[in-house]
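# Fold and contact review
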Amino acid sequence: MTSERKHSFELGRLLTLLMDGNINAVQLSKLRSLLAEDPVNRQYYVEFMVVCANLRRYMAGSVEQATSPQLLASANVETPEGSRRYPIHPDEDVDAEKAKLAEPLLLKLDSCSSEDRPRIIREYAEQQLEQFLAQQREQERQSLERRYRQRSIDFKAVAEKLHRFTHIAKRVAIALVICSVLTFGIVIAIAHVRAQRAVIATVVDSVHAQWTPQLQQMELRRGRIHLTEGFAQVNFVSGSEVILQAPCEFELVSQNNIHLENGTITARVPKQAFGFTVVTPTSHIVDFGTEFGVMVGTANESEVHVFQGQVQMMCPASPSGASRHSAGRTKNLTRGQAAKATTVGEIHLVNVSDHPGLFVRELPDRNRRTGIPGRILDLADIVGGGNGFGTGKIDQGIDPSTGFLIPVPSVGRYGQTTGQYMPLPAFPFIDGVFAPDGSEGQVIISSTGLVFDRCPDTTGQYWLGIHNGAKMKTGDGDTFQGQLDGKVYGTMGYPAINMHANAGITFDLNGIRSAMPAVQLVRFTSLCGVSQITWIPEAAKADFWILVDGVVRAHFYDMTHSSKTARLNIDLHEEDRFLTLITTDDGVSNGWVWSLFAEPTIELKLKIE
Amino acid sequence: MSTNEPNVDGFSDMNVSREFVRLLTTNQHRIYAYILTLVSDWDVADDILQDTCEVMWSKYTQTRPIKNFGSWATQIAYNKVLNYYAKKGREHVLFSSSMLEDISARAEEVSGQISERVHALRRCLAKLSEHDQRLLRLRYEYGNTIKDIAQQLGRPIHGMYKTMARIHDVLTRCVRRRLAPEGWL
């Protein structure tokens with residue numbers, strides 16, 4: 001390093017501390033001396049500060065936000081629609097040119113209708129382009145003429161003889177200039193196309209993935225992509241790995257930037273790719289080398305969960321100019337934290353432990369038959385604390401009288417109804433649970449107070465709880481795996497909800513819609529029956545009830561282990577909000593009614609815009 | 001107000017406002033860079049810019065037409081900066097009075113080339129490594145302090161200041177080189 005560079009570097013170090021508000025008294029005194037002793041240092045200081053000011057302007061466009069709205073208001077000038085300043089694009093022209101060019105356009109726009117505005121703006125842009133090209137042509141012409149005149153003076157003596165040749169030379173010169181302009185244009189165009197066509201990321205794996213438009217190759221370039229079904233893992237050139245869960249619409253912007261319009265993704269970012277940014281309609285999520293999930297649901301609200309490391313969530317400054325700084329509200333989140341950015345630019349912390357299974361962190365088994373994003377939602381997985389696509393735990397469940405999360409115990413035991421409905425606000429897709437008994441009075445089956453008025457009198461007892469799986473435990477600790485039609489259930493491939501009578505669970509269909517705004521819920525399908533096990537000592541009976549918004553849509557009664565398995569196929573409509581599954585006993589005996597909803601799913605269909 | 005100006009229906013007022021906003025839009029970055037250079041503090045510069053703009057607007061109708069809007073604006077900004085230093089006291093001030101005048105003259109000249117400097121800066125930025133560009137984004141686009149960035153990346157704070165100083169130094173010298181007359185340097 002030369003002494004001049006060393007000198008400027010030291011000055012730059014002190015200025016960096018100064019501008020970060022972190023300079024101490026000794027450093028400040030040193031900086032003062034450096035500036036006082038040498039005008040070269042003062043010149044460097046000034047240029048350094050202007051670089052800082054321009055960086056802020058160039059990268060954040062904050063000065064406009066700090067002045068224009070207030071000033072426009074005080075000057076009593078209407079702020080034109082869409083006049084919000086965004087970060088300045090590298091290709092943006094200088095302000096003076098913009099102001100000059102915009103003047104006649106503003107006058108025209110004042111006197112036209114809103115329908116005509118796009119046309120006028122387009123015509124104006126074309127006109128400006130034409131003018132610019134005409135100016136360029138005129139400049140070229142004048143330049144050539146000047147050069148020709150100079151040349152003609154130099155060769156005055158032989159001008160006549162060379163007249164013919166100079167005429168040709170002029171033409172050749174013009175051709176050369178045109179060629180060089182064209183070449184320059186082509187080089188620029190090629191560079192632009194190259195930037196557009198550079199591979200940003202690669203699809204390295206997928207499970208049941210369907211894309212719109214259909215992917216022709218696994219290398220992804222800049223542009224919008226829609227994963228309509230399934231999962232896919234996309235590895236960015238920067239080293240970041242992203243798991244996409246359908247339906248998911250996004251735009252790949254660069255090797256370190258993705259715009260997520262809706263859907264759910266999980267990103268694993270190595271240290272060297274820090275700064276990886278997920279832009280959502282309401283926030284920017286900047287990574288510092290970590291693993292995190294982002295979900296954009298209805299109303300464009302976005303939620304981030306941090307699994308490892310640290311991220312920064314930022315709501316961009318509001319267009320009203322309320323924030324005087326480039327960054328709007330910002331929150332740093334560390335491992336185990338989650339937050340939601342609202343459409344009004346607020347960030348709220350969310351309790352991540354309430355719904356830990358919201359994001360898929362590994363691609364699921366490609367042989368699974370249910371829980372396929374964009375196609376089939378697995379309700380058993382939701383009971384196990386998952387998102388309906390394989391993040392739930394087998395043999396995890398909920399106690400219907402307390403609402404507590406419980407695993408299948410090592411020894412089976414009874415529970416007794418409290419006659420209360422237990423809302424589960426922490427579960428985004430489950431409204432609540434209960435243990436039904438008509439003799440206890442009204443049986444509430446939703447957080448909105450819907451009543452199951454046909455509920456029979458039951459023993460009021462239940463066994464184990466409501467679980468994702470089919471594991472059955474006797475009071476002696478013996479374990480059996482539930483079966484229907486000779487098929488063993490309660491596995492990832494063949495999921496089931498195990499709800500020994502008397503138990504009820506209500507799913508929140510609107511909660512599901514909120515998390516997946518791009519799909520519609522088409523129908524509920526399932527098998528149901530009492531598990532077939534040969535050693536059952538008595539023919540216990542159970543009723544199966546399926547209600548939508550409190551209305552009984554299916555009822556199978558007096559089912560025993562020898563009854564035929566029932567098949568459910570219930571259409572759902574856009575206005576349906578609650579789906580309730582209930583099992584009840586005959587009010588006499590609660591023994592051995594191992595009731596299963598096997599392969600309980602909601603069929604999904606992509607909404608057509 | 002002269003009687004032959006049709007201010008009654010507000011038409012002329014609106015035109016004056018438009019003219020002012022246009023001039024301000026053209027010059028505000030220059031003014032901001034000038035103020036920041038004199039106060040070396042982001043928040044203070046924001047406040048002084050705001051105050052300057054308000055004074056400019058209140059005086060504009062009486063002063064127009066203004067030959068050199070940029071110079072007029074920096075003069076108002078300079079007075080605002082003097083007011084700020086008068087209130088702040090000398091304790092933490094970086095410049096003496098004479099030095100402030102010198103810096104002001106240099107800042108006016110340098111900020112007067114703001115468009116050329118932004119243009120040059122764009123090209124200099126493109127030459128930085130991806131890593132350095134990302135650090136600048138964290139600093140300026142997302143508004144983090146350098147200390148925050150160091151903590152979030154788990155890097156030593158001292159080292160991050162050195163890195164940032166290096167990046168700013170490279171950019172400052174690069175912009176200077178690009179604006180220098182041919183053959184200089």
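Please refer to the structure placed before this passage.
A brief report on the enclosed structure follows. Since we're looking at a predicted model, the values are computed, not measured. (Residues numbered from 1 in each chain as written. Chains lettered and ligands numbered in written order. Predicted model: local features only at pLDDT ≥ 70, side-chain atom pairs only at ≥ 80, totals over all residues. Heavy atoms only, no water.)

## Here's the deal with the overall build of chain B
- Of regular secondary structure, chain B possesses eight helices and zero strands.
- The helix and strand sequence of chain B, counted from the amino end, reads α-α-α-α-α-α-α-α.
- Taken over 185 residues, chain B has a buried fraction of 51%.
- Restricting to contacts in chain B with at least 6 residues of sequence separation, those with at least 24 account for 60%. (Helix = DSSP H or I, 4+ residues; strand = E, 2+ residues; numbered from the N terminus. Buried < 20%, exposed > 50% of the residue type's maximum accessible area, 1.4 Å probe, protein only. Contact = heavy atoms within 4.5 Å.)

## Some words on helix H2 (residues 42–63) of chain B
All names here are of chain B.
- Relative to the 32 Å expected for 22 residues at 1.5 Å per residue, H2 spans 30 Å between its end C-alpha atoms, a close match to the ideal helical length.
- Approximately 30 degrees is the largest bend angle found in H2, and it occurs at tryptophan 57.
- Where H2 begins, the capping side chain belongs to aspartate 41, and its oxygen is found 3.0 Å from the backbone nitrogen of aspartate 43. (Expected span 1.5 Å × (residues − 1). Bend = angle between axes of the 7 residues up to and from the residue. Polar contact = N/O pair within 3.5 Å; in protein donor to acceptor, adjacent residues only side chain to side chain.)

## Comments concerning the environment of histidine 131 of chain B
- When you line up the elements, histidine 131 of chain B lands in helix H6 (residues 130–141).
- Not counting chain neighbours up to four residues away, the residues in contact with histidine 131 of chain B comprise Phe274 of chain A together with Arg155 of chain B.
- Engagement of the side chain of histidine 131 of chain B in a polar contact is seen with the side chain of aspartate 132 of chain B, the distance being 3.3 Å.

## What about a positive patch on the surface?
Residues and elements named next belong to chain B.
- A contiguous patch of positive charge on the surface is contributed by Arg123, Lys127, Arg177 and Arg178.
- The set of elements that each furnish at least two residues to the positive patch consists of helix H5 (114–127) and helix H8 (157–179).
- In this fold, arginine 123 is placed in helix H5. (Patch = residues over 30% accessible without salt bridge, like charges linked within 9 Å, V, L, I, M, F, W, Y side chains within 5 Å. Areas by Shrake-Rupley, 256 points an atom, 1.4 Å probe, with all protein chains shown as cover. Salt bridge = Lys/Arg side-chain N within 4 Å of Asp/Glu carboxyl O. Lys, Arg positive; Asp, Glu negative; His and termini not counted. Charge placed at Lys NZ, Arg CZ, Asp CG, Glu CD.)

## Let's talk about the sheet that holds strand E29 (residues 542–548) of chain A
All names here are of chain A.
- Spatially, E18-E19-E27-E32-E29-E30 is the arrangement adopted by the six strands of the open sheet, whose pairing is antiparallel. On the outer flanks of this sheet lie strand E18 (422–423) and strand E30 (551–559), each paired with one strand and no other.
- Pairing of E29 with strand E32 (residues 578–585), which is carried by seven bridges, proceeds in the antiparallel orientation. By the bridge assignment, isoleucine 546 is partnered in E32 with leucine 581. (Pairing = 2+ DSSP bridges.)

## Looking at the state of the cysteines
All names here are of chain B.
- Going through the model one piece at a time under the given rule, you end up with one disulfide over all chains.
- Paired through a disulfide, cysteine 124 and cysteine 174 show a sulfur-sulfur distance of 2.0 Å. Because the torsion about its S-S bond is -90 degrees, the bridge between cysteine 124 and cysteine 174 counts as left-handed. Taken together, the residues span a long stretch of sequence, with cysteine 124 in helix H5 and cysteine 174 in helix H8 at a distance of 50 residues. (Disulfide = S-S within 2.5 Å.)

## Examining unusual backbone geometry
All names here are of chain A.
- The omega torsion of the bond from alanine 246 to proline 247 falls at -10 degrees, within 30 degrees of zero and hence cis.
- Note that the residue after alanine 501, namely asparagine 502, is joined by a cis bond; omega there is 10 degrees.
- Within the secondary structure, asparagine 502 is located in the loop between strand E26 (496–499) and strand E27 (503–508).
- Despite not being glycine, aspartate 395 has its phi angle at roughly 65 degrees, a positive value.
- Structurally, aspartate 395 can be placed in the loop between helix H8 (379–383) and strand E15 (396–398).
- Residue classification places aspartate 395 among the buried residues on the basis of a relative accessible area of 15%.

## Here's the deal with the nonpolar core
- Ranked by internal contacts, the top residues of the largest apolar core, which has 85 residues, are Ile35 and Leu171 of chain B.
- Ranked by residue count, the leading element in this core is helix H3 (residues 39–60) of chain A, at 12 residues.
- Looking at which domains feed residues into this core, each of domain 1 (13–111) and domain 2 (114–182) of chain B gives three or more.
- Apart from residues lying up to four places away in sequence, isoleucine 35 of chain B is in contact with Ala45, Ile48, Leu49, Thr52, Ala77 and Val81 of chain B.
- One finds Ile382, Ile466, Leu568 and Phe597 of chain A within the second-largest nonpolar core, a separate group that totals 54 residues. (Core = buried A, V, L, I, M, F, W, Y, C linked by side-chain atoms within 4.5 Å. Domains from an automatic or database assignment.)

## Quick notes on the environment of leucine 121 of chain B
- Here leucine 121 of chain B lies in helix H5.
- Overall, leucine 121 of chain B belongs to the buried group, its relative accessible area being 2%.
- Along the sequence, leucine 121 of chain B and cysteine 174 of chain B sit 53 residues apart, while their C-alpha atoms lie 7.8 Å from each other.
- Here leucine 121 of chain B is in contact with Val51, Asn54 and Leu55 of chain A together with Leu171 and Val175 of chain B, once residues within four sequence places are set aside.

## Remarks on the interface of chain A and chain B
- Listed as interface residues are 76 residues of chain A and, on the opposing side, 75 residues of chain B.
- When chain A packs against chain B, close to 7400 Å² is buried across both sides, 63% of that on carbon and sulfur atoms.
- Counting the contacts that link chain A with chain B gives four salt bridges.
- Where aspartate 46 of chain B meets arginine 56 of chain A, a salt bridge forms, and the shortest distance between an N and an O atom there is 3.2 Å.
- At the level of elements, helix H1 (3–19), helix H2 (25–37), H3, helix H4 (62–74), helix H5 (95–110), strand E7 (284–287), strand E10 (310–316) and strand E11 (327–334) of chain A are the ones that each hand at least two residues to the side of chain A that touches chain B.
- By residue number, the principal contributor to the side of chain A that touches chain B is H3 of chain A, which donates 20 residues.
- Looking at side-chain class alone, the side of chain A that touches chain B contains 39 nonpolar, 22 polar and 15 charged residues. (Buried area = accessible area lost by both parts, 1.4 Å probe. Nonpolar A, V, L, I, M, F, W, Y, C, P; charged D, E, K, R; others polar.)

## Quick word on the packing of aromatic side chains
Residues and elements named next belong to chain B.
- Following the criterion strictly, the structure yields 17 aromatic pairs over all chains and no others.
- The interplanar angle of 55 degrees and the centroid separation of 5.0 Å between the aromatic rings of phenylalanine 20 and tyrosine 60 together place this pair among those described as tilted. Taken together, the positions of phenylalanine 20 in helix H1 (residues 11–39) and tyrosine 60 in helix H2 put the pair 40 residues apart, joining distant regions of the chain.
- For phenylalanine 20, a relative accessible area of 0% translates into the label buried.
- Note on tyrosine 60 and phenylalanine 69: the rings are 6.2 Å apart at their centroids and 70 degrees apart in plane angle, and the pair reads as edge-to-face. (Phe/Tyr/Trp six-rings, centres within 6.5 Å; stacked < 30°, edge-to-face > 60°.)

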